[in-house]
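# Architecture and fold: a report
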Amino acid sequence: QVQLVESGGGLVQPGGSLRLSCAASGSIFSIAAMGWYRQVPGKQRELVALAASTGGTSYADSVKGRFTISRDNAKNTVNLEMRSLQPEDTAVYYCYGLISRYGRPAFDAYWGQGTQVTASS
C-alpha cells in the first residue's frame with residue numbers, strides 16, 4: 001500500500017510564509033503527479049497546485065505568484081512553499097498523489113491526512 005504523510009502546517013501572521021512537505025512511501029512503481037489541495041468547512045476541496053511527472057506545474061489562480069510547488073522524484077516527496085499568506089488561505093491542506101504500485105497497471109489517487117494552515121491576526 002501507499003501512504004502520504006504531510007508536515008509543515010501551522011499558524012502564521014498574514015503576510016507570513018510556510019513550507020508544507022509530503023512524503024510518499026510504500027510499494028511505489030511510478031508517480032504521475034503529486035500536488036496539494038485544500039478545503040474549508042462548507043466548501044469543496046479545491047486544487048492548489050499540481051506537479052506532473054513531465055515537469056509541468058499548475059496553480060490555482062488565487063495562489064499564482066505566491067505559492068511554489070516542487071518535487072524530489074528520488075525521495076518521492078513534494079513541497080509547497082507558501083508566501084504572503086492571507087486569511088483566505090486558511091484551510092486544511094491535503095497532499096495528493098497519482099501513483100501506480102508494483103505489479104499494478106493503473107494509477108490510483110492517494111491522499112494524505114491533511115494539515116491545518118491558518119493565517120490570522
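For the structure, check the block above.
What comes next concerns the included structure. (Residues numbered from 1 in each chain as written. Predicted model: local features only at pLDDT ≥ 70, side-chain atom pairs only at ≥ 80, totals over all residues. Heavy atoms only, no water.)

### Here we look at the sheet that holds strand β7 (residues 67-72)
Strands sit in the order β1-β3-β8-β7 across an open sheet of four strands; the sheet is antiparallel. Only two strands of the sheet have a single neighbouring strand rather than two, namely β1 (2-7) and β7. Each strand of the sheet is rotated relative to its neighbour by a mean of 15°, with strand direction disregarded. With six bridges joining them, β1 and strand β3 (residues 18-26) adopt antiparallel strand pairing. Bridge pairing in β3 links Glu6 to Cys22. (Pairing = 2+ DSSP bridges. Helix = DSSP H or I, 4+ residues; strand = E, 2+ residues; numbered from the N terminus. Axes fitted to C-alpha atoms, helices over the stretch in contact; angles between N-to-C directions.)

### So, the packing of aromatic side chains
Using the criterion set out here, one finds four aromatic pairs in the structure. A centroid spacing of 5.1 Å and a plane angle of 70° characterise the contact between Tyr37 and Trp111, whose relative ring orientation is edge-to-face. Here Tyr37, found in strand β4 (residues 28-39), pairs with Trp111, found in strand β10 (residues 107-111); they are 74 residues apart in sequence, far enough to count as distant. Under the relative-accessibility criterion, Trp111 is labelled partly exposed at 37%. By the ring-pair criterion, three or more aromatic residues cluster together here, those being Tyr37, Tyr96 and Trp111. Directly above the ring of Tyr94 sits Arg45, whose terminal nitrogen or CZ lies 3.7 Å from the centroid. (Phe/Tyr/Trp six-rings, centres within 6.5 Å; stacked < 30°, edge-to-face > 60°. Buried < 20%, exposed > 50% of the residue type's maximum accessible area, 1.4 Å probe, protein only. Lys NZ or Arg CZ within 6 Å of the ring centre and 35° of its normal.)

Such coordinate-based values are descriptive only and should not be taken to indicate function.
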